[in-house]
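# Understanding the architecture of this molecule
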Amino acid sequence: MHPATPPTTDAPVGRAHRTPLPRRRLLRGLLAAAVAAPLMFGAAACGDDGSGAADPNAPVKLSIFWWGGDARAKLTEDALALYTKKHPNVTFEKTWQANQGYFDKLATLTAGGNPPDLFQIDDNYLAEYAARNTTLDLTSYQKSGKLDTSKFPESLWQYGVVDGKLAGLAAGENTQGLVYNKTLLTKNNLPEPTTGMSWEAHIAWAEQVTAKTKVPGTQDPSADYKAFWVWLRQQGKDLYKGKELGFTAEDVTAWFDLWKGARDRKATPSADIIHEGNSSDVTKQLVVTGKSATSWVWANQMPDLKKNTKDELGVIAYPGDPSAQWARASMYWSVFKGSKNRDVAVDVINFLNNDQEAVTLLGTDRGLPSNLDLRRVVSDNTTDPAMKQSIAVEAELTQKFGPSPQVPIKGHSKVKSELIKAAENAQYGRATPAEAAAQFVEACKSAIA
Amino acid sequence: MALTTAPDPTRGGPGSVRAHTRRRGPGRIRHSEGLAGYVFLSPWLIGLMGITAVPMLLSLYLSFTDYDILTPFSEAQWVGWANYERMFTADPSYWHAVRVTLTFALIAVPLKLAAALGVALLLNRAWRGVGLFRGLFYLPSLLGGSVALAIVWVNMFNRDGAFNSLLGLFGITGKPWVNDPDWALETLMVLAIWQFGAPMVIFLAGLKQVPTELYEAASVDGAGRWRQFRNVTLPMLSPVIFFNLVLETINGFQGFTAAFVLSNGTGGPVDSTLMYTLNLYITGFTDLDMGYASAMAWVFLLAIAVITAIFFSTGRFWVHYSDGEDR
């Protein structure tokens, strides 16, 4: 008697494991067809090069893609609706998502031959895309006045120039902002930090905060490229010089040592909390979650932070000489080079930056408005206290700003993630600052090669 | 897998079709039936060719090029073996990812199978309510590679997560498990082991098929519980163990979702959860180095094929397919 023991047990098992596969394949097939079809049409569209000489009133469906939260989505949708109201032939296919995963998606869309006509991008990726000829050079539109930058600070639109081409137009301006928990400080009778404090003074202040409040005084920013960048510029160095690194392993060691000292003095949280801050989005920064008294962010993120805490927040420049900071394009609007609606896309960018109604609607969500005249209008009329605060700080800093650095080069996203890895290696005590610095510089060199 | 390819007339493999048509005779009918077979297969075949085979071949080609996914295929630069050379000689983080993946698979897979077999043995009895327990133990694996589950896991094993609160009840100070480079991978292993439901169900089905007279005969011969398990259960179950081992090893190597979610897509803290597939994903989609990522994928495919082949070749020493005739 042998009911063919294992084989019969196995048959249903085998089947149970196998049936879902074809269906999944089928789904994948449908997905691929969906991806492939626009690819073919996209290719056809590139071929016929219908760059807008056609009927200006012909219906146009413009695809647009950005990252951000619900609030940004609402504002942007309203502003685009306004455009449609003025140009009834233009409608939008809007896609938006959180920042995490945004660039993976954008790269995949581009690879699939189905990139959006118009997309939001930041300086971490602008050069990656521009160097690969994915973005449309906006220079000719700027020259012809179709893209009006006459009211922009010159350094701001220039921060969108990569290899002599205007690869993206600043959708707003921001700068590094050190955000601190005002409520916590007042409650404990502690002084607020001020712009211009030296790094040493900042760390000493943070140590005092930790001692008195039991909340670590400052997030350790050694993994944060923007803090490292400001510090480098104060040392007369830079993140990049041409196609090379603008710093040496010694600089990185000094930077890591500075923060090792701060950790030893308990001015910062423990390594795992620092890591939590490094790997969370803006809504979960430590100053908001109550795990440190300060966080290193961009000044225009104030309203986002404010929404996630009941405490009062203050914002100042990063420590050291504030002239190391610059008017940074918080993000850009770029047009896909192969877009058949590129003229319309450029006109939409122009509208979002220079139309008073649209700019007032958008407020400071993407940073201070790039158009200086309209920036004044917005700051005069805003009622949101968090927005007011970030406008005030940036207005004050504008007087102190130094010249813009060059836009980060191709390979920058890897440099950013390598800095996090190296800094955390030092924070967890798995490497000395000098070892971590040497690894980092080595990794950077191959990343930008 | 050997089992599923064993000739089984009820499943209508190619052998049975031939036997069937030979009885009918004329080749024309055979031809048209074959055609019908292919027509029925066609949705799957089209899927296989279009979605699997063509992209696979393309990726093989891309693995020999310098290709970032932003530019068209046609502009990919042929670089010969450079990607493979870089992988084997100049990329420490690649080897780090290999180490992480091997550690994960070597620990998580055996423990998962042991847990699955242990619980299957416990549930292979006629208790009241045993069905409920079977369901409960199977539940976690239904949640499979789900993102939601990984998020729950991260929150449970945080510094101020539920697990540490539990430890706190016993006066133990926990660690920030998921944010500690010494423990993050272990946390992922526990998650993988916890989802032992699928192999457990397969083991249960296997246990049900072990003829009771073998146990009776063994106990007549004086074999105790352990001897029965060792000499009856394990050999009779060995094909099922083999099947589970192969499947779970492949699954273990391909672990991605939990590591991705836990580390926010970075493989951190300090690369402690940088699984092979995650490293590949980062290389291709974040660093935009798709040519190199394709090369990684092909080496991975070969590695898994080799490991599976090793399993199959050692299988004949311990997998017991006999159904009694040669005993």
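Residues numbered from 1 in each chain as written. Chains lettered and ligands numbered in written order. Predicted model: local features only at pLDDT ≥ 70, side-chain atom pairs only at ≥ 80, totals over all residues.

### As for the overall build of chain B
Note the following rule: In this text, helices come from DSSP runs of H or I with a minimum length of four residues, and strands from runs of E with a minimum of two, each type numbered from the N-terminal end. Residue burial here comes from a neighbour count, namely the number of other C-beta atoms, placed from the backbone, that lie within 10 Å of the residue's own C-beta, with 20 or more meaning buried, 12 or fewer meaning exposed, and in between meaning partly exposed. What counts as a contact here is a pair of residues whose C-beta atoms, placed from the backbone, lie within 7 Å.
Along chain B, the regular secondary structure elements total 15 helices and two strands. Going through the 327 residues of chain B one by one, you find that 32% of them count as buried. Excluding contacts between residues fewer than 6 apart, the proportion of contacts in chain B whose partners are at least 24 apart in sequence is 67%.

### Quick notes on the overall build of chain A
When its secondary structure is counted, chain A shows 20 helices and twelve strands. Taken over 449 residues, chain A has a buried fraction of 50%.

### Points about the sheet that holds strand β3 (residues 118-121) of chain A
Hydrogen bonds between backbone atoms are what pair the strands of a sheet, whose relative direction is either parallel or antiparallel. Residues and elements named next belong to chain A. Going by this rule: Whether two strands pair comes down to DSSP finding at least two bridges between them. Geometry is summarised by axes, namely lines fitted to C-alpha atoms with helices restricted to the contacting stretch, and by angles between N-to-C directions that run from 0 to 180 degrees.
The mixed open sheet is built from five strands, whose spatial order is β2-β1-β3-β12-β6. Each of the sheet's edge strands pairs with one partner strand only, and the pair in question is β2 (90-97) and β6 (169-174). Each adjacent strand pair in this sheet contributes to an overall mean axis angle of 20°, direction not counted. Bridge analysis of β3 against strand β12 (residues 328-335) gives four bridges, and the strand direction is antiparallel. What sits directly across from L118, in β12, is V335. Sheet strands in contact with helix α3 (residues 70-86) are β1 (60-67) and β2, and its direction is about 170° off that of β2. Against the sheet, helix α15 (residues 342-354) contacts β1, β2, β3, β6 and β12, and its axis sits at roughly 150° relative to β12.

### A short note on the nonpolar core
What counts is decided by this rule: We call a set of buried Ala, Val, Leu, Ile, Met, Phe, Trp, Tyr and Cys residues a nonpolar core when their C-beta atoms link them within 7 Å.
Grouped together as the largest cluster of nonpolar side chains are 182 residues, with contacts concentrated most on L126, V179, Y332 and L419 of chain A together with L188 of chain B. The biggest single contributor to this core is helix α5 (residues 92-123) of chain B, with 13 residues. When neighbours within four sequence positions are excluded, L188 of chain B is seen to be in contact with F104, A258, A259, L262 and T273 of chain B.

### Details of the domain arrangement of chain A
Put simply, an interface is often sized by how much accessible area is lost when its parts join up. Residues and elements named next belong to chain A. What counts here: Each domain's limits were defined by an automated method or a database of domain assignments. Put simply, Ala, Val, Leu, Ile, Met, Phe, Trp, Tyr, Cys and Pro go in the nonpolar bin, Asp, Glu, Lys and Arg in the charged bin, and everything else, Gly too, in the polar bin.
In terms of domain boundaries, chain A breaks down into domain 1 (55-171 + 330-395) and domain 2 (176-325 + 411-448). Computed over C-alpha atoms only, the centres of domain 1 and domain 2 are separated by 29 Å. With 17 residues of domain 1 in contact, the opposing surface of domain 2 contributes 13 residues. If you list the elements that add at least two residues to the side of domain 1 that touches domain 2, you get α5 (126-131) and α18 (385-398). For the side of domain 1 that touches domain 2, the element with the most residues is α18, which contributes six residues. Residues that form the side of domain 1 that touches domain 2 fall into these classes: six nonpolar, eight polar and three charged.

### A word on the sheet that holds strand β11 (residues 313-316) of chain A
All names here are of chain A. The sheet built from three strands is open, its strands ordered β10-β7-β11 with antiparallel pairing. Strands with a single pairing partner mark the edges of an open sheet, and in this sheet they are β10 (294-298) and β11. Across the sheet, the mean angle from the axis of one strand to that of its neighbour is 30°, orientation sign disregarded.

### Description of the domain arrangement of chain B
Residues and elements named next belong to chain B. Domain annotation for chain B reports domain 1 (19-78) and domain 2 (85-318). Here domain 1 and domain 2 have C-alpha centroids that lie 32 Å from each other. Listed by partner, the interface residues are eleven residues for domain 1 and eight residues for domain 2. Where the side of domain 1 that touches domain 2 is concerned, the elements lending two or more residues are α3 (27-62) and β1 (65-66). Looking at which element gives the most residues to the side of domain 1 that touches domain 2, the answer is α3, with three residues. Its residues placed into classes, the side of domain 1 that touches domain 2 shows six nonpolar, three polar and two charged.

### Thoughts on the confidence of the model for chain A
Close inspection of predicted coordinates is inappropriate for parts of the model with low pLDDT. This is how the line gets drawn: Each residue gets a pLDDT score, which is the predictor's confidence in that residue and runs from 0 to 100.
This prediction gives chain A a mean pLDDT of 86; 88% of its residues lie at or above 70. The model gives residues 1-53 of chain A a pLDDT under 50, and that stretch makes 68 contacts with residues more than four places away or in other chains.

### Structural notes on helix α9 (residues 184-194) of chain B
Within α9 of chain B, burial applies to A184, L185, T187, L188, M189, L191 and A192 of chain B. Structurally, α9 of chain B contributes buried residues whose contacts are with α5, α7 (147-156), α12 (225-253) and α13 (257-262) of chain B.

### Description of the packing of helix α19 (residues 412-427) of chain A against helix α20 (residues 433-448) of chain A
Residues and elements named next belong to chain A. The criterion, for reference: Just so you know how the angles are binned, under 35 degrees is roughly parallel, over 145 roughly antiparallel, 65 to 115 roughly perpendicular, and the rest oblique. Whether a crossing is left-handed or right-handed is set by the direction in which the near helix is turned from the far one by less than a right angle, anticlockwise for left-handed and clockwise for right-handed.
It is at 9 Å that the axes of α19 and α20 come closest, and there the two elements cross at 165°. Here α20 runs roughly antiparallel to α19, going by the angle between their axes. The way α19 lies across α20 gives a crossing that is right-handed. Here K414, V415, E418, L419, A422, A423, N425 and A426 of α19 come into contact with α20, specifically with P433, A436, A437, Q439, F440, A443, C444, A447 and I448. Here the residues of the contact of α19 with α20 are counted per class, giving 13 nonpolar, two polar and two charged.

### A word on the environment of A162 of chain B
For A162 of chain B, the location among the structural elements is in helix α8 (residues 162-169). A C-alpha to C-alpha distance of 49 Å links A162 of chain B and G222 of chain B, two positions 60 residues apart in sequence.

### Here's the deal with the packing of α5 of chain B against α9 of chain B
Residues and elements named next belong to chain B. The N-to-C vectors of α5 and α9 enclose an angle of 35°; their axes lie 9 Å apart at closest approach. For the crossing formed where α5 meets α9, the hand is right-handed. Of the residues in α9, those touching α5 at V100, T103, F104, I107, A108, L111, K112 and A115 are L185, L188, M189, A192 and I193. Residue composition of the contact of α5 with α9, grouped by class: eleven nonpolar, one polar and one charged.

### With respect to the confidence of the model for chain B
All names here are of chain B. Of all residues in chain B, 88% have pLDDT values of 70 or greater, and the mean over the chain is 85. Within chain B, helix α1 (residues 2-5) has the poorest average pLDDT of any element, 40, and α5 the best, 95. In this model, residues 1-23 is a region of pLDDT below 50 whose contacts with residues beyond four sequence positions or in other chains number 20 contacts. Across the predicted assembly, pTM comes out at 0.82 and ipTM at 0.79.

### Structural notes on the environment of L45 of chain B
Within the secondary structure, L45 of chain B sits in helix α3. Distance from L45 of chain B to S74 of chain B, taken between C-alpha atoms, is 27 Å for residues 29 residues apart in sequence.

### Concerning the pairing of β1 of chain A
Residues and elements named next belong to chain A. The criterion, for reference: If you view a crossover with the strands going away from you and the path from the first strand over the helix to the second runs clockwise, you call it right-handed.
The buried fraction of β1 amounts to six of the eight residues, a majority that puts the element mostly inside the structure. The handedness of the β1 to β2 crossover, carried by α3, is right-handed. Inspection of the sheet shows β1 paired to β3 by two bridges, in the parallel sense. Among the inter-strand pairings, F65 is bridged to a residue of β3, identified as F119.

### Points about α19 of chain A
Residue and element names in this part refer to chain A. The line we're drawing: To estimate how far a helix should reach, multiply one less than its number of residues by 1.5 Å.
Across its 16 residues, α19 extends 22 Å between first and last C-alpha, which sits within 8% of the 22 Å expected from 1.5 Å per residue. Judged by how many residues are buried, α19 sits mostly within the fold: 15 of 16 residues are covered. Looking one or two residues past α19, G429 carries a phi angle of roughly 75°, positive in sign.

### Some points on the environment of L142 of chain B
Examined against the element boundaries, L142 of chain B turns out to sit in helix α6 (residues 130-142). Residues L142 of chain B and Y38 of chain B, spaced 104 residues apart in sequence, show a C-alpha to C-alpha distance of 33 Å.

### What about unusual backbone geometry?
Residues and elements named next belong to chain A. One non-glycine residue with positive phi stands out, namely D163, at about 50°. Of note, D163 is situated in the loop between β4 (161-162) and β5 (165-166). You can call D163 exposed: it has 12 C-beta atoms within 10 Å. Positive phi, close to 70°, is recorded for K214, a residue that is not glycine. Along the chain, K214 turns up in the loop between α9 (199-213) and α10 (225-234).

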